[in-house]
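Spelled out from the first residue to the last, the chains are:
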Amino acid sequence: MKESRVPRPKGKAEYSIFFATNQATKGWADLLATRRNDLIEAWEFLTANPLRRTPLNYPLQEKLALVKRSGEEHSLWQLKLSITHGARIWYYVTDGKVMIEAVHTAHPNQTK
């Protein structure tokens, strides 16, 4: 038999993840190249519990609190990849989907 990859099964309550912007696609690739293990943990968290508040995951505040897409406003969340590294994933959740809005490989200037 020829070797073939086994796809990861998706649980019934899991979220799907999508890129909402070109910047998110590029930032994700950059993080994959430099922080693969942290990104795998982020993937697991985002598919299971994207709206759970933790010290590393919470809604953004003030001017960054909302994002408007397709005429609808969504709460924008931030997931830090670790407590010591500045990498961040900004996303919103809609209809069982986690929409990656931006991926920052370092601490974003907007939140300083």
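Our subject is the structure that appears above.
Residues numbered from 1 in each chain as written. Predicted model: local features only at pLDDT ≥ 70, side-chain atom pairs only at ≥ 80, totals over all residues. Heavy atoms only, no water.

### Side note on the sheet that holds strand 5 (residues 77-80)
The five strands are arranged 1-7-6-5-2 in an open sheet whose pairing can be described as mixed. Either end of the sheet is taken by a strand with one partner, and the two such strands are strand 1 (16-19) and strand 2 (57-59). This sheet shows a mean twist of 30° between the axes of neighbouring strands, independent of strand direction. Pairing between strand 5 and strand 6 (residues 88-94): four bridges, direction antiparallel. Residue pairing across strands places Q78 opposite W90, the latter belonging to strand 6. Most of the contacts of helix 1 (residues 22-34) go to strand 7 (residues 97-104), to which it runs at about 70°, and overall it touches strand 1, strand 6 and strand 7. Sitting on the sheet, helix 2 (residues 36-48) touches strand 1, strand 2, strand 5, strand 6 and strand 7, and the angle it makes with strand 6 is about 20°. (Pairing = 2+ DSSP bridges. Helix = DSSP H or I, 4+ residues; strand = E, 2+ residues; numbered from the N terminus. Axes fitted to C-alpha atoms, helices over the stretch in contact; angles between N-to-C directions. Contact = heavy atoms within 4.5 Å.)

### Some points on helix 2
Its 13 residues place the ends of helix 2 19 Å apart at the C-alpha level, agreeing with the 18 Å of an ideal helix rising 1.5 Å per residue. Among the residues of helix 2, those classed as buried are D38, L39, A42, F45, L46 and T47. Elements in contact with the buried residues of helix 2: strand 1, helix 1, strand 2, strand 5, strand 6 and strand 7. (Expected span 1.5 Å × (residues − 1). Buried < 20%, exposed > 50% of the residue type's maximum accessible area, 1.4 Å probe, protein only.)

### A closer look at the side chain of T47
Along the chain, the position of T47 falls in helix 2. Residue contacts for T47: discarding those within four places in its chain leaves R8, A13, E14, Y15 and I17.

### What to know about the layout of surface pockets
Empty pockets left among the atoms are what a rolling probe the size of a water molecule brings to light. Roughly 180 Å³ of internal volume is contained in the largest pocket. If you go around the largest pocket, the residues you meet are R8, P9, K10, E14, Y15, S16, I17, W43, E44 and T47. Taken together, the elements giving at least two residues each to the lining of the largest pocket come down to strand 1 and helix 2. At three residues, helix 2 tops the list of elements feeding residues into the lining of the largest pocket. For the lining of the largest pocket, the per-class residue count stands at four nonpolar, two polar and four charged. (1 Å grid on protein atoms, 1.4 Å probe; cavity = no way out; pocket = protein on both sides within 12 Å on 5 of 7 lines; lining within 4 Å. Points joined across faces, edges and corners; volume = space filled by probe spheres on them. Nonpolar A, V, L, I, M, F, W, Y, C, P; charged D, E, K, R; others polar.)

### Description of the environment of G86
Its place among the elements puts G86 in the loop between strand 5 and strand 6. Judged by its relative accessible area of 19%, G86 falls in the buried class. When the C-alpha atoms of G86 and I40 are compared, they prove to be 16 Å apart, with 46 residues separating the residues in sequence.

### Here's the deal with the packing of helix 1 against helix 2
At a minimum axis separation of 6 Å, helix 1 and helix 2 run at an interaxial angle of 125°. Classified by the angle between their axes, helix 1 and helix 2 sit oblique to one another. For the pair formed by helix 1 and helix 2, the contact residues are W28, L31, L32 and T34 on the first element and R36, L39 and W43 on the second. (Parallel < 35°, antiparallel > 145°, perpendicular 65-115°, else oblique.)

### With respect to the nonpolar core
Core analysis: the largest hydrophobic core is formed by 17 residues, its most contacted members being L46, L79, I89, Y91, I100 and V103. Per-element accounting of this core gives the leading share, four residues, to helix 2. Residues contacting L46, with those up to four places away along its chain left out, are Y15, I17, L79, I89, Y91, V98 and I100. Counting residues in each nonpolar core, the second largest holds seven residues, with L60, V67, W90 and M99 among its members. (Core = buried A, V, L, I, M, F, W, Y, C linked by side-chain atoms within 4.5 Å.)

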